[in-house]
Amino acid sequence: MPPISSRRRSRLVAASSLALVTSLALAGCAGSAGDSASSEVSEDLTTIRVSLGWIKNVEWAGFWIADANGYYAEEGLDIEWIGGGPNAPTTMATVAAGDADLGIVPSTQQWLQTFADGNDWTALGALFQESPGALVSLAGDPVYSAEDLVGKTVLGQEGTQINYDAAFALAGLEPDYDFIPVGFDIAPLVEGQGVAYTAYATNQPIMLEEQYGMSPDDYVVTLYAELGMPLYGNVVYGDSAYVEENGDLMEAFLRASIRGWEENGEDFAVGAQLSVDEFGADLGLDLVQQTRENELQQPLVVGEYGDPLFWMDPELMREVMYPGLEAAGYTDLPDPADYIDLSYLEAAHASLQK
């Protein structure tokens, strides 16, 4: 595989394995539910403001663990977590305005489109090796492929028709379906209004379990990746000038984050508890739901490519992921080699293996 960038060193083949640290003994310097992880931050710590693409829930569990266990403080960092949500500015707007130093954006498609506006972003890595975007169907009439959608009625949020169109195109089929726009409540699928519902694999399946008493055997989750549209999710990025000027901080942030996400895979309840009690304490989160969501998202964090945590492969994006985006109508996609810089991630993984 050719070099990814002039700054790239040898690729690592596996992430380091660290012992589980469930004790929150360092919570005194890790803090609680405020934007910063510490109410008594040392003047020696450097603040990094991180804009999150969603509310401060369990989606960020590994970051919470790293913060609560003092891993960022050990690196000389104080992280100010800026929560997002349906009514919040995009991470791109927040970073571009100078109100955040780094962003973590759930929609890679949306992020890629902002390059055409003149933004100069550098991607440090991706939390989700596979995007949680998916179709959910019921086991009685399952959807595993575009062929299963031919002539059927499908459900989704307005604008998600492009995903259905792309699935048909990638399967070599002409789009042949009826679309009913719905919200984020999965009730229309349960009521039989359509055979498939556009969803997040970490969200709506839990609704089926908690609200309708279903088990995983009662429904089918088909990731967009399984329909020919793989994509990274929750890309960690910053303005290129900021990233280049603060390379040591980028490596330190990633190193602490890797530690937190490795531990998250050992006990899903830890990050969920931190979400409910501390970082998202004002959101009224449910511990059972948050724990289940954490369980569902961890396979997406690990992925199926065998890459280290947070990895992004420019060639994989260009050759495998971009065709799915193009089938969905996205154009003017920037060359991944121009915006992905793995040198900080590689250095972080290498130092953890010592």
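As a reminder, the structure under discussion sits directly above these lines.
The structure presented is a predicted model; accordingly, all values stated were derived computationally and were not measured.

Student: In this structure, what is going on with the overall build of the chain? I would like to understand it.
Tutor: Along its length, the chain carries 15 helices and 10 strands. Taken across its 354 residues, the chain has 53% of its residues classed as buried. Carbon and sulfur atoms form 49% of the exposed surface of the chain, whose accessible area is close to 14500 Å².

Student: Before we go on, may I ask you to explain the side chain of glutamate 209 in this structure?
Tutor: For glutamate 209, the location among the structural elements is in helix 8 (residues 204–212). On the accessibility criterion, glutamate 209 (17% relative accessible area) is buried. Those residues in contact with glutamate 209 that lie beyond four places of it in its chain are Met214, Pro216, Tyr219 and Arg292.

Student: I keep staring at the nonpolar core and nothing clicks. Help me out?
Tutor: Burial of nonpolar side chains together is a common tendency in soluble globular proteins. Counting 72 residues, the largest nonpolar core has Ile48, Phe63, Trp81, Trp111 and Phe253 as its most contacted members. If you tally residues by element for this core, the top one is helix 10 (residues 247–264), at 8 residues. Apart from the residues within four sequence positions on either side, phenylalanine 63 is in contact with Tyr72, Trp81, Ile104, Leu127, Phe253, Ser257, Trp261 and Phe310.

Student: Can you walk me through the sheet that holds strand 5 (residues 133–138) in this structure?
Tutor: Strand pairing in a sheet relies on backbone hydrogen bonds. The paired strands run either parallel or antiparallel. Pairing is mixed across the open sheet formed by 5 strands, whose spatial order is 7-6-8-5-9. With one partner strand each, in any of the chains shown, strand 7 (177–181) and strand 9 (219–223) form the two edges of the open sheet. When the angles between neighbouring strand axes are averaged without regard to direction, this sheet yields 30°. Pairing analysis gives 2 bridges linking strand 6 (residues 152–156) to strand 8 (residues 196–200), with the strands arranged parallel. Within the sheet, the bridge partner assigned to valine 154 lies in strand 8 and is alanine 196.

Thresholds applied
Residues numbered from 1 in each chain as written. Predicted model: local features only at pLDDT ≥ 70, side-chain atom pairs only at ≥ 80, totals over all residues. Heavy atoms only, no water. Helix = DSSP H or I, 4+ residues; strand = E, 2+ residues; numbered from the N terminus. Buried < 20%, exposed > 50% of the residue type's maximum accessible area, 1.4 Å probe, protein only. Areas by Shrake-Rupley, 256 points an atom, 1.4 Å probe, with all protein chains shown as cover. Contact = heavy atoms within 4.5 Å. Core = buried A, V, L, I, M, F, W, Y, C linked by side-chain atoms within 4.5 Å. Pairing = 2+ DSSP bridges. Axes fitted to C-alpha atoms, helices over the stretch in contact; angles between N-to-C directions.

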